[in-house]
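Residue-level structural notes
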Amino acid sequence: MKQMKWVVVFLSVFTSSWGIAGEKLSGFPRIIEGQLANGFSYTLVPMEGYQHRVDIRLSVDAGSLDQQANEPAVAHMVEHMVFRGSRQYPQGGASLLQSHGWQRARQYNAMTNYERTLFMMSPPDGSAGIPLAMKALSQMTGAASITDADLQSERRIIMEEWRGQLGVASRMNQQRVAALREGSRYPSRPPIGDEKSIQDTGAGALRQFYQRWYRPGNMRLLIIGDFDVQQARQLITDAFQGMPAAPVSARNYYEPVLANQLRVVRLQDSQSGNSQVSLVSRFSPGPDTTLTQRLVSQIALQVLTRQLQTSGPDVQATGSRIIVRKSAIGRDTQALGLFVDVTPGQHQQGLTRLLRERERFLRYGADPADIADERQAIREAAIAMAARPEQRDFSGWVRELSVRWEQKQPFTDSQQRGKAILSLTDSITDAQVNQQITDWLLAGDQLVQFGIPGRRTARLPDSQEVRRQMAEVATLALSPYRRPPAAVLPQLPAVTGAGSLNALKIYPEQQTRQWTLSNGDTLVWLKTPLAKDRVYLSATSPSGFLMQGLDRWQSQLAGQMIKQSGPAGWRTGDFGRWKKEHSVSLLITQQPDELLIDSVGTARDLENLLAINHQIQVNAGIDPQVRGESMMQLLRQQATREQSDNGDRELQIYRLRYGLPDTGAAADTGRLSRTENSEFLQQWRQTVRAPMTWYLVADDVPELVPLAARYLATIPRVNPAG
């Protein structure tokens with residue numbers, strides 16, 4: 001009965017999570033753009049056959065960067081206030097929408113970032129709700145009252161939103177913004193503001209911002225869906241043409257001011273476990289205006305990433321690969337960062353490694369074979385794009401087109417982009433790629449960031465010391481990058497024996513079958529067409545990390561390492577390639593009182609899905625690289641827990657919740673670092689000895705019984721009661 005309840009619950013979650021089966025797909029839609037006499041711009045995307053579904057977005061191209069120094073938080077506060085009273089609707093736009101059955105966060109919402117304020121609407125009655133949406137939006141953006149009384153009432157809501165962003169992630173992000181975007185308005189103008197600005201700013205300051213930026217020439221409207229174009233045009237004209245035209249001030253403050261400099265920055269929070277070193281270049285190449293420039297940049301980034309992740313003798317020793325990230329830090333200004341996680345206290349070693357790999361690349365350049373590989377990967381992707389028209393469902397088109405609209409990118413379908421890429425790919429030279437990477441690495445504006453965990457003390461080098469170290473590294477004898485041997489897709493060992501599936505029970509109403517396996521496991525199959533060509537396989541047992549006989553930290557670490565390493569003798573890269581080749585995902589989660597193994601595959605490759613579940617329980621391995629990264633992560637977490645402001649409180653709660661002695665709640669990192677892989681694997685074998693219950697959700701899997709007999713029923717178990 002308990003198992004059948006689980007099946008019913010799973011089915012309800014499954015149907016709500018994966019949506020309606022067979023939703024209509026359509027090709028690239030028609031794009032209609034227009035502008036009213038007062039400068040108000042609109043984009044219409046009609047899509048027939050979607051039961052009148054529509055998505056509406058209005059962008060006011062003004063955000064927190066447009067605030068004056070004495071206007072902190074006003075852009076976000078104005079976003080809240082325009083839902084209050086207006087000239088035509090004193091009760092407010094929100095009340096108007098709610099009176100027609102609209103729900104906040106479901107049918108209407110808004111957000112403010114550095115550069116824009118975005119209003120989003122999905123009418124519950126589809127295209128029939130467009131007239132109401134246009135009335136509400138025109139009043140909100142052109143006739144909002146913004147009174148002191150309304151502001152006093154709304155402050156409580158804004159303060160609650162501000163409190164929700166007081167966590168460590170937000171604080172660390174603000175530190176990163178201050179470092180990466182130094183010399184710009186970004187650090188001093190976070191969209192949410194601070195407590196003082198929210199409490200003290202008056203309605204007058206909000207009205208001034210509203211009058212300065214909420215102008216028709218600074219607004220853009222997007223409507224996507226199943227609607228009548230002529231009717232929509234008329235509704236837009238009627239709603240927005242009455243707004244008086246007004247000039248929008250020119251803005252030249254989006255870019256950080258770059259300089260020929262090297263800065264050293266500490267990133268630290270008492271509750272953060274971040275232990276990292278990064279070397280960042282900031283540069284202003286201008287916008288990537290041509291497709292060729294974007295392709296060169298894409299190839300360069302991939303080649304640099306590939307070589308830095310596999311280069312040098314320190315990969316195994318440090319337990320962490322170098323990560324390369326490139327991002328926009330202004331409209332035209334960009335940053336390229338080399339990041340490496342380090343064991344707490346080994347930040348200098350991490351910096352040395354980054355400088356050595358940077359110098360290695362500058363000295364020898366990119367391997368031509370790597371450039372050729374990336375060029376070929378782009379060519380193959382472009383061929384696939386050009387071969388068939390782009391097809392998406394309604395939600396897919398909303399996501400794709402709204403992002404392009406928000407970022408003011410051209411509307412082109414993937415087939416056109418694929419053909420354009422194919423025409424240019426072969427013209428990109430090795431010299432262009434190498435020059436691009438060199439320009440990034442030698443940019444004049446440099447930044448070294450040290451992420452220090454918890455309240456740990458650490459002496460950081462100053463900029464002169466870093467420059468001296470750069471000069472020293474430039475004199476070292478460094479070997480050229482050596483391309484790793486071609487990866488060979490590993491094969492799973494054969495399983496020759498077979499168990500049996502017994503005691504079949506059939507539940508016709510639930511479309512469910514249940515077997516008892518010869519090793520004591522239970523298999524439950526829920527047959528549903530909603531799974532389409534996928535197979536969802538979950539297993540659970542009572543082998544939580546607090547089970548008698550397990551070391552709670554060794555057992556948890558063992559599961560974390562095995563889910564990344566795969567079968568014995570494999571490396572994490574091998575396992576990743578195997579999962580990609582066979583379209584398999586696998587996750588191991590160990591709770592205090594339960595072990596969960598979740599995996600997903602395809603119906604046509606059911607055998608490999610069952611086989612990998614067999615191997616990770618019978619023949620698991622631990623990759624040394626994975627072990628190093630896992631231990632480093634544990635050390636960072638422990639450093640944060642021991643030194644954070646609330647570490648003691650969390651530890652006491654943990655002890656009380658699980659009845660642990662003082663010596664049992666915290667990890668003994670020294671002991672764990674000395675633990676042999678054989679001991680971790682023994683913990684895992686003990687963890688998976690208990691019989692498991694398997695839940696399989698799939699449509700038609702005719703080979704299930706013989707395959708389950710071979711791969712699931714042959715996993716050795718020990719009945720705890722036996």
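Residues numbered from 1 in each chain as written. Predicted model: local features only at pLDDT ≥ 70, side-chain atom pairs only at ≥ 80, totals over all residues. Heavy atoms only, no water.

**Remarks on the overall build of the protein chain**
In terms of regular secondary structure, the protein chain is built from 25 helices and 18 strands. By the compact-globule yardstick of 27 Å for 722 residues, the protein chain fits well, its C-alpha radius of gyration being 29 Å. Projected onto its principal axes, the C-alpha coordinates of the protein chain cover approximately 80 × 75 × 60 Å. Put simply, the protein chain has 722 residues, and 50% of those count as buried. A sequence separation of at least 24 residues applies to 82% of the contacts in the protein chain between residues at least 6 apart. Entry remark: accessible area of the protein chain is about 33500 Å², with carbon and sulfur atoms responsible for 49%. (Helix = DSSP H or I, 4+ residues; strand = E, 2+ residues; numbered from the N terminus. Rg over C-alpha atoms; globule rule 2.2 N^0.38 Å. Buried < 20%, exposed > 50% of the residue type's maximum accessible area, 1.4 Å probe, protein only. Contact = heavy atoms within 4.5 Å. Areas by Shrake-Rupley, 256 points an atom, 1.4 Å probe, with all protein chains shown as cover.)

**Section: the nonpolar core**
Membership of the largest hydrophobic core comes to 63 residues, with the highest contact counts inside it found for Phe119, Met121, Met134, Leu137, Leu221, Ile236 and Phe240. Top contributing element to this core by residue count: helix 4 (residues 130–142), with 7 residues. Those residues in contact with Met134, other than ones at most four positions away along the chain, are Ile56, Leu221, Ile223, Leu235, Ile236, Ala239 and Phe240. Of all hydrophobic cores here, the second largest spans 52 residues; its members include Leu492, Trp515, Trp553 and Met692. (Core = buried A, V, L, I, M, F, W, Y, C linked by side-chain atoms within 4.5 Å.)

**Overview of the environment of Gln175**
Considering the arrangement of structural elements, one finds Gln175 in helix 6 (residues 168–180). Placed 45 residues apart in sequence, Gln175 and Arg220 show a C-alpha to C-alpha distance of 32 Å. If we ignore the near neighbours within four places in the chain, the residues touching Gln175 are Arg266, Leu267, Gln268 and Asp269. A distance of 2.8 Å separates the side chain of Gln175 from the backbone oxygen of Gln268, its partner in a polar contact. (Polar contact = N/O pair within 3.5 Å; in protein donor to acceptor, adjacent residues only side chain to side chain.)

**Looking at helix 19 (residues 572–581)**
Note that an α-helix has 3.6 residues per turn; residues three or four places apart therefore point the same way. Among all positions in helix 19, only Asp574, Phe575, Trp578 and Lys579 are buried. Projection of helix 19 onto a plane perpendicular to its axis shows the buried side chains occupying an angular sector of 130°, all on one side. Opposite the packed face of helix 19, turned more than 90 degrees from it, sit the exposed residues Lys580 and Glu581. Positive backbone phi, approximately 55°, marks Ser583, located one or two places after helix 19. (Arc of directions from axis to C-beta.)

**Quick word on the UniProt feature "domain: Peptidase M16 N-terminal" (unreviewed entry) in the protein chain**
The UniProt record annotates "domain: Peptidase M16 N-terminal" (unreviewed entry) at residues 50–162. From the first C-alpha to the last, residues 50–162 spans 38 Å; its make-up is 38% helix and 15% strand. (UniProt positions renumbered as here; feature names shortened; annotations may be inferred.)

**Here's the deal with the domain arrangement of the protein chain**
Partitioning the protein chain into structural domains gives domain 1 (32–241), domain 2 (261–394 + 403–475) and domain 3 (501–625 + 676–712). One C-alpha centre belongs to domain 1, the other to domain 2, and the line joining them spans 35 Å. With 29 residues of domain 1 at the contact, the number on the domain 2 side is 26 residues. Linking domain 1 to domain 2 there are 6 salt bridges. Two residues, Glu115 and Arg331, come together in a salt bridge whose shortest N-O distance is 3.3 Å. (Domains from an automatic or database assignment. Salt bridge = Lys/Arg side-chain N within 4 Å of Asp/Glu carboxyl O.)

**Details of the sheet that holds strand 11 (residues 445–452)**
With mixed pairing, 5 strands are arranged side by side in an open sheet as 7-11-8-10-9. Strands at the two margins of the open sheet, each flanked by one partner only, are strand 7 (261–268) and strand 9 (323–328). When the angles between neighbouring strand axes are averaged without regard to direction, this sheet yields 20°. Sheet topology places strand 7 next to strand 11; 8 bridges connect them, and they run parallel. (Pairing = 2+ DSSP bridges. Axes fitted to C-alpha atoms, helices over the stretch in contact; angles between N-to-C directions.)

**A short note on the packing of helix 12 (residues 347–364) against helix 17 (residues 463–474)**
Close contact between helix 12 and helix 17 brings their axes to 9 Å; oriented N to C, the two are set at 50°. Between helix 12 and helix 17, the interaxial angle falls into the category oblique. In the packing of helix 12 onto helix 17, the handedness of the crossing is right-handed. Side by side, helix 12 and helix 17 meet where Gln348, Leu351, Thr352, Leu355, Arg356, Arg358, Glu359 and Arg363 of the first sit next to Val466, Gln469, Met470, Val473 and Ala474 of the second. (Parallel < 35°, antiparallel > 145°, perpendicular 65-115°, else oblique. Left-handed = near helix turned anticlockwise from the far one by under 90°.)

**With respect to the side chain of Thr117**
Structurally, the position occupied by Thr117 is in strand 5 (residues 117–121). Polar contacts involving the side chain of Thr117 include one to the main-chain carbonyl oxygen of Ala62, which spans 2.9 Å. Sequence-distant contacts of Thr117, that is, excluding residues within four places in its chain, are made with Leu58, Ser59, Val60, Ala62, Ala75, Glu79, Met111, Thr112 and Tyr214.

**Some details on the sheet that holds strand 1 (residues 32–35)**
Ordered by their spatial adjacency, 6 strands build an open sheet running 1-2-6-3-5-4, and the pairing between neighbours is mixed. A strand with exactly one partner marks an edge of an open sheet, and here the two such strands are strand 1 and strand 4 (108–112). Across the sheet, the mean angle separating the axes of adjacent strands is 15° when strand polarity is ignored. Judged from the 6 bridges that link them, strand 2 (residues 41–46) and strand 6 (residues 219–225) form a sheet pairing that is parallel. For Ser41, the partnering residue across the bridge sits in strand 6 and is Arg220. Seen against the sheet, helix 2 (residues 74–81) touches strand 4 and strand 5 and runs at an angle of roughly 170° to strand 4.

**Observations regarding helix 12**
Here helix 12 is 18 residues long and its end C-alpha atoms lie 26 Å apart, about the 26 Å a rise of 1.5 Å per residue gives. Listing the buried residues of helix 12 in full gives His347, Gly350, Leu351, Arg353, Leu354, Leu355, Glu357, Arg358, Glu359, Arg360 and Phe361. Of the residues flanking the end of helix 12, it is Gly365, one or two places downstream, whose phi is positive at about 75°. (Expected span 1.5 Å × (residues − 1).)

**Thoughts on the packing of helix 10 (residues 291–310) against helix 16 (residues 430–441)**
A pair of packed helices is captured by two measures, namely the crossing angle of their axes and the spacing between those axes. The geometry of helix 10 relative to helix 16 is characterised by a closest axis approach of 9 Å and an angle of 75° between their N-to-C directions. By the criterion of interaxial angle, the relationship of helix 10 to helix 16 is roughly perpendicular. Residues Thr292, Val296, Ser297, Ile299, Ala300, Leu301 and Leu304 of helix 10 pack against Gln432, Val433, Gln436, Ile437 and Trp440 of helix 16. Here the residues of the contact of helix 10 with helix 16 sort into 8 nonpolar, 4 polar and no charged. (Nonpolar A, V, L, I, M, F, W, Y, C, P; charged D, E, K, R; others polar.)

**Brief notes about the packing of aromatic side chains**
Across all of its chains, the model carries 11 aromatic pairs by this definition. Between the aromatic rings of Tyr50 and Phe394, the centroid separation amounts to 5.5 Å while the plane-to-plane angle is 45°, which identifies the pairing as tilted. With Tyr50 in the loop between strand 2 and strand 3 (54–60) and Phe394 in helix 14 (residues 394–406), the pair connects residues that are 344 residues apart, well separated along the chain. Taking relative accessible area as the criterion, Tyr50 reaches 2% and is therefore assigned buried. Taken together, the aromatic side chains of Phe83, Tyr108 and Phe119 make up a single cluster linked through ring pairs. (Phe/Tyr/Trp six-rings, centres within 6.5 Å; stacked < 30°, edge-to-face > 60°.)

**Brief notes about the pattern of salt bridges**
Within this structure, the stated rule accounts for 32 salt bridges. One salt bridge in this structure joins Glu71 and Arg212, with 2.7 Å as the shortest N-O distance. Pair noted here: Glu71 is in the loop between strand 3 and helix 2 and Arg212 is in helix 8 (residues 203–213), with a separation of 141 residues, a long-range link. For the pair formed by Glu71 and Arg212, the shared burial category is buried. In this structure, Lys196 engages Asp200 in a salt bridge whose closest nitrogen and oxygen atoms are separated by 3.1 Å. Of this pair, Lys196 and Asp200 both sit in helix 7 (residues 195–200), separated by 4 residues, roughly a single helical turn. Overall, Lys196 belongs to the exposed group, its relative accessible area being 61%.

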